[in-house]
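A closer look at the structure
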Amino acid sequence: VTAAALSGLLDGFLAAGYLVLVTLANVRIGLTLAVIGALNALIFLLTYRRQRELAATSLLVESRVRVYESELMNSAVTVKSMGAEAAAIDHWGKLFADGLNAILDRGRLAVFTDALTATVRIGSPIVILAVGALEVLSGRMSVGAMLGTAAVAGGFLLPLTNLTTSALQLQALS
């Protein structure tokens, strides 16, 4: 957790520095990068509460399964003498299924979040180049300046991706 937090802090400073440099070179590309950063933050914020709910549910269901297993093992003789093995196994099976469903729900949310962040990560360079091309076509930038600014903007995207990944990892652990 400490490594992820330290990495997030360094990546945050690096991303902010690149954002300032790009904005000084071209305000429109800088604003585009700010929007991309806001999209990453929005993905994190929109999934944060659900991730915490699913983590709590998963822990609760897992503890119920473990408690029931312990009680079942401690009272195996009583359950067997009463002929209640089938009911005990049926109840355990339902608890186990609830646990699997909680794990699947967390997995679905993780896949959804990963898909959104990957879409932003993959689409960002294309959007930056498109905005840069519009700047070149309007005469506000030369092609060389646009390519240089896009390269520096790429320097913003890597720490931003690392920052988002670290935040999602910390979210999953908490």
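Scoring rules and cut-offs
Residues numbered from 1 in each chain as written. Predicted model: local features only at pLDDT ≥ 70, side-chain atom pairs only at ≥ 80, totals over all residues. Heavy atoms only, no water. Helix = DSSP H or I, 4+ residues; strand = E, 2+ residues; numbered from the N terminus. Rg over C-alpha atoms; globule rule 2.2 N^0.38 Å. Buried < 20%, exposed > 50% of the residue type's maximum accessible area, 1.4 Å probe, protein only. Contact = heavy atoms within 4.5 Å. Areas by Shrake-Rupley, 256 points an atom, 1.4 Å probe, with all protein chains shown as cover. Lys, Arg positive; Asp, Glu negative; His and termini not counted. Charge placed at Lys NZ, Arg CZ, Asp CG, Glu CD. Polar contact = N/O pair within 3.5 Å; in protein donor to acceptor, adjacent residues only side chain to side chain.

Our next topic: the overall build of the chain. Check the secondary structure of the chain and you find five helices and zero strands. Going residue by residue from the N terminus, the α and β elements of the chain occur as α-α-α-α-α. For a compact globule of 174 residues, the expected C-alpha radius of gyration is about 16 Å, and the chain comes in at 25 Å, more than 25% above that figure. With respect to the principal axes defined by its C-alpha atoms, the chain has extents near 90 × 30 × 20 Å. Sorting the 174 residues of the chain into buried and exposed places 30% on the buried side. For the chain, the share of sequence-separated contacts (at least 6 apart) that also reach a separation of at least 24 residues comes to 80%. Here the chain displays about 10,600 Å² of accessible surface, and carbon together with sulfur accounts for 71% of that area. With 12 positive and 11 negative side-chain charges, the chain shows a spacing of 8 Å between the two charge centroids.

Looking at the secondary structure, you find Thr-117 in helix H4 (residues 85-137). The exposure class assigned to Thr-117 is buried, which follows from its relative accessible area of 11%. Polar contacts involving the side chain of Thr-117 include one to the main-chain carbonyl oxygen of Asp-114, which spans 3.0 Å. With residues up to four places along the chain from it excluded, the contact list for Thr-117 reads Asn-40, Ile-43, Thr-164 and Leu-168.

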